[in-house]
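# Breakdown of the fold
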Amino acid sequence: MHSGGSPNGLDHQLRLIIVDSPDVAAPLIDALDVADVGAWMWVEAERALYFSPRVLALLGIAREPKPDLLTRFFQCVHVDDQDPVRTLLLGEAPEGPFRLRYRFTPPDGPLRWIEDRGRI
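The text that follows walks through the structure, step by step, so that each part is easy to find. Residue positions are given per chain, counted from 1 along the sequence in the order it is written. Only residues with pLDDT of 70 or above have their local features reported here, since the model is predicted, and side-chain atom pairs are shown and tallied only from 80 upward, although totals for entire chains, interfaces and linings are computed over all residues. Heavy atoms throughout the structure, all of them, feed into the side-chain values; hydrogens and water do not.

The next point concerns the environment of P97. We count a stretch as a helix when DSSP gives it H or I for four or more residues in a row; a strand needs E for two or more, and each element gets its number in order from the N terminus. Here P97 lies in strand β4 (residues 97–104). C-alpha separation for the pair P97 and R117, spaced 20 residues apart in sequence, amounts to 7.5 Å. Among residues more than four places away in sequence, those in contact with P97 are G118 and R119. Only heavy atoms matter for contacts: two residues are in contact if any of them lie within 4.5 Å across the pair.

Right under this line is the structure:
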């Protein structure tokens with residue numbers, strides 16, 4: 001485990017950007033909202049995660065302008081599921097398709113299962 005200023009060190013290792021621009025991305029974001037699906041993208045060159053706003057709504061995490069959003073997210077991941085989630089978030093997963101299921105308990109809600117699917 002990485003030692004740093006936060007319990008998981010993610011906030012010091014990468015940036016999180018909420019994608020809600022009014023330009024070309026807006027129709028895609030609207031379609032995801034209608035489908036009740038969130039989307040995220042890791043950009044290695046920037047060491048940044050781009051999240052659609054729906055991701056936070058589905059996770060039950062308040063969208064607050066605090067710099068510790070990744071720490072707050074990671075603290076909600078079940079302790080037994082943190083290693084694979086950390087590997088995926090830090091862009092260290094092997095190339096190709098992935099499917100990751102993990103337990104997540106939002107600050108004001110019950111335990112829920114999250115499934116992330118995509119391609120690296």
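After presenting the structure, the write-up continues.
Bringing helix α4 (residues 69–76) into the picture now. Here the term buried applies to any residue with accessible area under 20% of the maximum for its type, exposed to any over 50%, and partly exposed to those in between, with areas from a 1.4 Å probe on protein chains only. Burial analysis of α4 places seven of its eight residues in the buried class, the great majority of the element. Every buried residue of α4 is listed here: L69, L70, T71, R72, F73, F74 and C76.

Attention now moves to the nonpolar core. The nonpolar core is taken to be a set of buried Ala, Val, Leu, Ile, Met, Phe, Trp, Tyr and Cys residues, with the residues joined through side-chain atoms within 4.5 Å. By size, the foremost hydrophobic cluster in this structure holds 22 residues, and its most contacted members are L59, I61, F73, V85, Y102 and F104. Contributions of two or more residues to this core are made by β3 (48–51), α3 (53–59), α4, α5 (82–89) and β4. The leading source of residues in this core is α4, at five residues. Setting aside chain neighbours within four positions, we find V85 in contact with F73, F74, V77, L100 and Y102.

Aromatic rings in a pair are described by how distant their centres are and how their planes are angled relative to each other. Whether two aromatic rings pair depends on their centres lying within 6.5 Å, for rings of Phe, Tyr and Trp, where Trp uses its six-membered ring; planes under 30 degrees apart make the pair stacked, over 60 edge-to-face, and the rest tilted. With the rule as written, the count across this model stands at three aromatic pairs. Taken together, a centroid distance of 6.2 Å and an interplanar angle of 40° make the contact between W40 and F98 tilted. Of the two residues, W40 sits in strand β2 (residues 40–43) while F98 sits in strand β4, which places them 58 residues apart along the sequence. Judged by its relative accessible area of 26%, W40 is partly exposed. Classification of F98 by relative accessible area gives buried; the value is 19%. Grouping aromatic residues by their ring pairs yields a cluster made of F73, Y102 and F104.

The values are spatial; any link to function lies outside them.
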